[in-house]
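Take a look at the letters that make up each chain.
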Amino acid sequence: KALLFSGRLDEAEACLQRLGHFLPLPDALRNQRLLANWQTLHGTLQALRGNYDAARLHCQAALQYLTTQDWLSVLLCHCMLARIAMQTGELTEAQVLLEYSLELARRRGSREAEVLVNMDRVRLMMLQSQPSLAQSLLRSELAQLTGSTAQSYPLLGRLMFLEGKLLLQQGCPGE
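Summarised in this report is the structure supplied together with it. (Residues numbered from 1 in each chain as written. Predicted model: local features only at pLDDT ≥ 70, side-chain atom pairs only at ≥ 80, totals over all residues. Heavy atoms only, no water.)

### Quick word on the overall build of the protein chain
Scanning the protein chain for helices and strands turns up 9 helices and 0 strands. Relative to its length of 175 residues, the protein chain is compact, with a C-alpha radius of gyration of 17 Å against a globular reference of 16 Å. Oriented by its inertia axes, the alpha-carbon framework of the protein chain measures out at about 60 × 40 × 30 Å. Counting across all 175 residues of the protein chain, residues that qualify as buried make up 39%. (Helix = DSSP H or I, 4+ residues; strand = E, 2+ residues; numbered from the N terminus. Rg over C-alpha atoms; globule rule 2.2 N^0.38 Å. Buried < 20%, exposed > 50% of the residue type's maximum accessible area, 1.4 Å probe, protein only.)

### Concerning the packing of helix 8 (residues 131-147) against helix 9 (residues 153-169)
At a minimum axis distance of 10 Å, the contact between helix 8 and helix 9 shows a crossing angle of 155 degrees. Comparing the axis directions of helix 8 and helix 9 gives the class roughly antiparallel. Read as a crossing pair, helix 8 and helix 9 show a hand that is left-handed. Contacts between helix 8 and helix 9 involve P131, A134, Q135, L138, R139, E141, L142, L145 and T146 from the former and L155, L156, L159, M160, L162, E163, L166 and L167 from the latter. Grouping the constituent residues of the contact of helix 8 with helix 9 by class yields 12 nonpolar, 2 polar and 3 charged. (Axes fitted to C-alpha atoms, helices over the stretch in contact; angles between N-to-C directions. Parallel < 35°, antiparallel > 145°, perpendicular 65-115°, else oblique. Left-handed = near helix turned anticlockwise from the far one by under 90°. Contact = heavy atoms within 4.5 Å. Nonpolar A, V, L, I, M, F, W, Y, C, P; charged D, E, K, R; others polar.)

### Examining helix 9
Residues separated by three or four positions in an α-helix point in the same direction, a consequence of the helix having 3.6 residues per turn. Under the 1.5 Å per step criterion, the end-to-end length of helix 9 is 24 Å for 17 residues, consistent within 8% with the ideal 24 Å. All of the buried residues along helix 9 are L155, L156, L159, L162, L166 and L167. Here the buried residues of helix 9 occupy an arc of 140 degrees about the axis, which is enough to place them on one side. In helix 9, the exposed positions angled more than 90 degrees off the buried face are occupied by Y153, P154, F161 and L168. G171, located one to two residues past helix 9, shows a positive phi value of around 80 degrees. (Expected span 1.5 Å × (residues − 1). Arc of directions from axis to C-beta.)

No statement about biological role is implied by the geometric values presented.
Here's what the structure looks like:
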């Protein structure tokens, strides 16, 4: 998951291939969960590479067998499905998936996951022609990250990049 989050797709793919050597497990339920977690990672990798049909199939299949212990995999599946929905113009579906993901991240107390979901929400707002809402959410996230003592520089960098993209879309290339 860390390799996917950091954008190291080739290394993530090699790792996923090695994970396949651990199947099957003697316990059918654990085997289903392991396979579902693998499908989550593989679906995420496919989505990040632009293979949306394969990504959708893997993520939807994984969601059938993931448990509450696999909350991060559930979150990944929903976020990837939301991104695919945004790509295909299914903005209402994307919004529902992202709202669920945000709720899950907050319930689990994962600030980093919440920031990542909110970045997708900003992208959705941009697609929905809601630049002021997108800018407001983005600035709120930036303020929280820059104001915290334990800064997450990769997240901060991603937020700043997204802010630049939003400003460019609003016709402010100098900013």
